[in-house]
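Analysis of the macromolecular model
What follows is each chain in one-letter form.
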Amino acid sequence: MIGLIDCNNFYVSCERVFQPALRSRPVVVLSNNDGCVIARSEEAKALGITMGTPYFQIEYLIEKKNVAVFSSNYTLYGDMSARVMEALQSFSPETEIYSIDEAFLRLEENFEETGNKICKLIYQWTGLPVSVGIAPNKTLAKIANRTAKKLKSSVFEMSDAKTRDEVLRETPIKDVWGIGYNSTKKLNALGIFNAFQLKNFDRRHARKLLSVTGARIVEELNGETCLPLDLAPAPKKSITCSRSFGGHVESFADLHDALGCYLVRAGEKMRKNNLTARAVTVFLATNRFSKQPQYSNSHTIELINSTDSTRELREWTRRALAVIYKKGFLYKKVGVILQGLRSESAETIRLRGEKDYQKDKRLCAALDQISRKFGRDAVRFGCRSNSKNWQMLAEHKSACYTTNLREVLRIAN
DNA sequence: TCTGGGGTCCTAGGACCC
DNA sequence: TCTGGGGTCCTAGGACCC
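We now turn to the structure provided with this report. (Residues numbered from 1 in each chain as written. Chains lettered and ligands numbered in written order. Predicted model: local features only at pLDDT ≥ 70, side-chain atom pairs only at ≥ 80, totals over all residues. Heavy atoms only, no water.)

**Here we look at the overall build of chain A**
Quick note on the threshold: Here a strand is any run of E in DSSP of at least two residues, a helix any run of H or I of at least four, and the numbering for each starts at the N terminus. Taken over C-alpha atoms, the radius of gyration is set against a globule rule of 2.2 Å times the number of residues to the power 0.38. Buried residues are those whose accessible area, probed at 1.4 Å on protein chains only, stays under 20% of the maximum for their type, while exposed residues exceed 50% and partly exposed ones sit between those limits. The contact definition used throughout considers only heavy atoms, calling two residues in contact when any of these lie within 4.5 Å. Exposure was quantified through the Shrake-Rupley algorithm and a 1.4 Å probe, taking into account, for residues, occlusion by the shown protein chains and nothing else. Charged residues are defined here as Lys and Arg on the positive side and Asp and Glu on the negative side; His and the ends of the chain fall outside this count. For this purpose, a charge sits on NZ of Lys, CZ of Arg, CG of Asp or CD of Glu.
Helix and strand counts for chain A come out as 13 helices and 13 strands. For 413 residues, the compact-globule estimate of 2.2 N^0.38 gives 22 Å, and chain A sits close to it at 24 Å. When the backbone C-alpha atoms are referred to their principal axes, chain A occupies close to 65 × 60 × 50 Å. Out of the 413 residues belonging to chain A, those deemed buried represent 45%. Taking as baseline every contact in chain A between residues at least 6 positions apart, the subset at least 24 positions apart corresponds to 67%. In the structure as shown, chain A presents an accessible area of about 22,300 Å², 51% of it carried by carbon and sulfur atoms. For chain A, the separation between the mean place of its 63 positive charges and that of its 45 negative charges on side chains is 5 Å.

**Here's the deal with the environment of valine 17**
Position of valine 17 relative to the elements: it lies in helix H1 (residues 10–18). Residue valine 17 is classed as partly exposed on the basis of its relative accessible area, which comes to 21%. Along the sequence, valine 17 and threonine 126 sit 109 residues apart, while their C-alpha atoms lie 8.0 Å from each other. Residues contacting valine 17, with those up to four places away along its chain left out, are Met80, Thr126, Gly127 and Leu128.

**Quick notes on the nonpolar core**
To be explicit about the condition: Remark: nonpolar core denotes a set of buried residues (Ala, Val, Leu, Ile, Met, Phe, Trp, Tyr, Cys) joined through side-chain atoms within 4.5 Å.
If you look at the biggest cluster of nonpolar residues, it comprises 33 residues, and the most contacted ones within it are Ile5, Phe10, Leu88 and Ile122. Mapped by element, the contributors of at least two residues to this core are strand S1 (2–7), H1, strand S2 (27–30), strand S4 (68–71), helix H4 (74–89), strand S6 (102–106), helix H5 (111–126) and strand S7 (130–135). By residue number, the principal contributor to this core is H4, which donates seven residues. The residues touching leucine 88, leaving out its near neighbours within four places in the chain, are Ile5, Ala103, Leu105, Ile118 and Ile122.

**Looking at the pairing of strand S12 (residues 331–339)**
So the rule is basically this: DSSP-based pairing: two strands are paired if at least 2 bridges between them are found.
Pairing between strand S9 (residues 239–249) and S12: seven bridges, direction antiparallel. Among the inter-strand pairings, serine 244 is bridged to a residue of S12, identified as lysine 333. By the bridge criterion, eight bridges tie strand S10 (residues 275–286) to S12 in an arrangement that is antiparallel. The residue bridging valine 282 from the neighbouring strand is valine 336, located in S12.

**A look at the pattern of salt bridges**
For the record, the criterion: Basic side-chain nitrogens of Lys or Arg form a salt bridge, by our definition, when they fall within 4 Å of a carboxyl oxygen of Asp or Glu.
As enumerated under the stated definition, the model contains 20 salt bridges in all. Lysine 142 is paired through a salt bridge with glutamate 102; the nearest N and O atoms lie 2.6 Å apart. Here glutamate 102 lies in strand S6 and lysine 142 lies in helix H6 (residues 138–150), a separation of 40 residues in the sequence. Accessibility classification places lysine 142 together with glutamate 102 in one group, the buried group.

**Some points on the protein's contact with DNA strand C**
Stated precisely, the cut-off is as follows: The criterion for a residue being near a molecule or strand is simple. One of its heavy atoms has to lie within 4 Å of it. Within 3.5 Å is the distance limit for a polar contact, defined as a pair of N or O atoms, with the added protein rule that one can donate a hydrogen and the other accept it, and that residues adjacent in sequence qualify only through two side-chain atoms. Residues are grouped as follows: nonpolar covers Ala, Val, Leu, Ile, Met, Phe, Trp, Tyr, Cys and Pro; charged covers Asp, Glu, Lys and Arg; every other residue, Gly included, is treated as polar.
Looking at DNA strand C, there are 13 residues lining it, with Ser99, Lys142, Gly178, Asn182 and Ser183 nearest. Backbone atoms, meaning sugar and phosphate, make up 100% of the atoms of DNA strand C lying within 4 Å of the protein. Within the side chain of serine 99, one N or O atom sits 2.8 Å away from a sugar or linking oxygen of DNA strand C. Taken together, the elements giving at least two residues each to the surface near DNA strand C come down to strand S5 (95–99) and helix H8 (181–189). Per element, the largest residue contribution to the surface near DNA strand C is three residues, and it comes from H8. Residues of the surface near DNA strand C, tallied by class, amount to five nonpolar, five polar and three charged.

**Describing the sheet that holds strand S8 (residues 155–157)**
The condition is simple: Simply put, an axis is a line fit to the C-alpha atoms, just over the touching stretch for a helix, and the angle between two N-to-C directions goes from 0 to 180 degrees.
The strand order across the open sheet built from five strands is S5-S6-S1-S7-S8, with neighbouring strands paired in mixed fashion. Each of the sheet's edge strands pairs with one partner strand only, and the pair in question is S5 and S8. Averaged over all pairs of adjacent strands, the angle between their axes in this sheet comes to 15°, without regard to strand direction. The sheet contact formed by S5 and S6 spans four bridges and is antiparallel. Paired with threonine 95 across the two strands is leucine 105, which belongs to S6.

**Concerning the packing of aromatic side chains**
Put simply, the rule reads: Under the pairing criterion, centres of Phe, Tyr and Trp rings, with the six-membered ring standing for Trp, must be within 6.5 Å; the plane angle then separates stacked pairs below 30 degrees from edge-to-face pairs above 60, leaving the rest tilted. We count a charge as sitting over a ring when the NZ of a lysine or the CZ of an arginine lies within 6 Å of the ring centre and within 35 degrees of the ring normal.
Applying the stated criterion to the full structure yields 14 aromatic pairs. An aromatic cluster of at least three residues, connected via ring pairs, comprises Phe252, Tyr295, Tyr325, Phe329 and Tyr331. Stacked on the ring of phenylalanine 104, the Lys or Arg lysine 138 has its end atom at 5.0 Å from the ring centre. If you follow arginine 350 out to its NZ or CZ, it ends over the ring of tyrosine 357, 3.8 Å from the centre.

**Remarks on helix H13 (residues 354–374)**
Put simply, the rule reads: Working rule for helices: expected span equals 1.5 Å times residues minus one. What the arc measures is the spread of directions leading from the helix axis to the C-beta atoms.
Taking 1.5 Å as the rise per residue, H13 with 21 residues should run 30 Å; its terminal C-alpha atoms sit 30 Å apart, in good agreement. Here H13 has its buried residues at Glu354, Tyr357, Asp360, Lys361, Cys364, Asp368 and Ser371. Down the axis of H13, the sector holding all buried residues measures 105°, keeping them to one side. Exposed positions of H13 whose direction lies more than 90 degrees from the buried face are Lys355, Lys359, Arg362, Gln369, Lys373 and Phe374.

Structure, rendered in structure tokens:
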């Protein structure tokens, strides 16, 4: 059997751990730039605040209903997530970390009892509430988890076929894992509205209508296993870093500064995974919601030598940006994608510039160390301007309680 | 005024090869 | 240039996930 452990309203719960007074208050967490709502407490859901709603559209409600608002604090959520996953590993060697707040787990026996133990241990270690769904495969475990949340119970087991059919009848098609907006429309047009109907849908038709992904879903709803546990996730194929700006940016210099910061982040991530890149893409875009003239473009440069040097990549990203930059537009976003990633050990010695490259490697290693120890802004890679109009908005950010000694929670004085 | 970021997988179609 | 079958690789775009 497969268990799906999912933290309840994860980001909100992380904030509540450190501010228990918020436990009975509606709470929301916003996306980067304080743009949209991306997590809601049950109380906030009850107020009709939906996922992805732009913050400015509900600001009146926030004030009127005394909703607590947070900017997203990924340092905190990432650290809390690691603690949850560590607790989980003690229950089974076969664990797949699926996302920041979810993991699949193979369970051998005493399913419901184990589920309850899991909830208890995670709460004891982290203060976070979780739900566990248990079923024969991943797709059904997802549905079991959704049911646990719906019933406000921490564990829901769906091992017998009769229970499954009952639950599937109550599960709208759009809530099936892998069925998104477009597939829902297609299935609805054929009169299929719930998971039980999809289970009995002709597999060949499913394959035709929704490709192999759809066919697999039908199989799994029937109790077969098509999606194995992914115990050792494949190495990353690409690393992206991009942000929308708080304001807008016009000049090449400002865009390049912003891009430089994202590249540093992407480079750190790449080196942490012992990878090098063989190609780099830069993209930029104006604000798609604005009535101003629109422009977006991207440019990819294939590298002769794969590299993990931020200094070297900085030169390539500057060139790529120069290819697509057009004067006169109000830009809202720029980003970098490192592609063709492969293990550092697969690198070959360069015919030219090997010595400089080795020097770069030492430089990057030193910078990575400094930034780990003293924070991301301790040293910068040649940012020229102090322009603040590309900085992100984060007006409601909580402290990094668990990762920064200076921000540790204080009790009384 | 204000609308997130980072990924993966699948398919169709074109280019090219023998 | 025509004839046919069988295959690989690459890319763009779509769909989906959290």
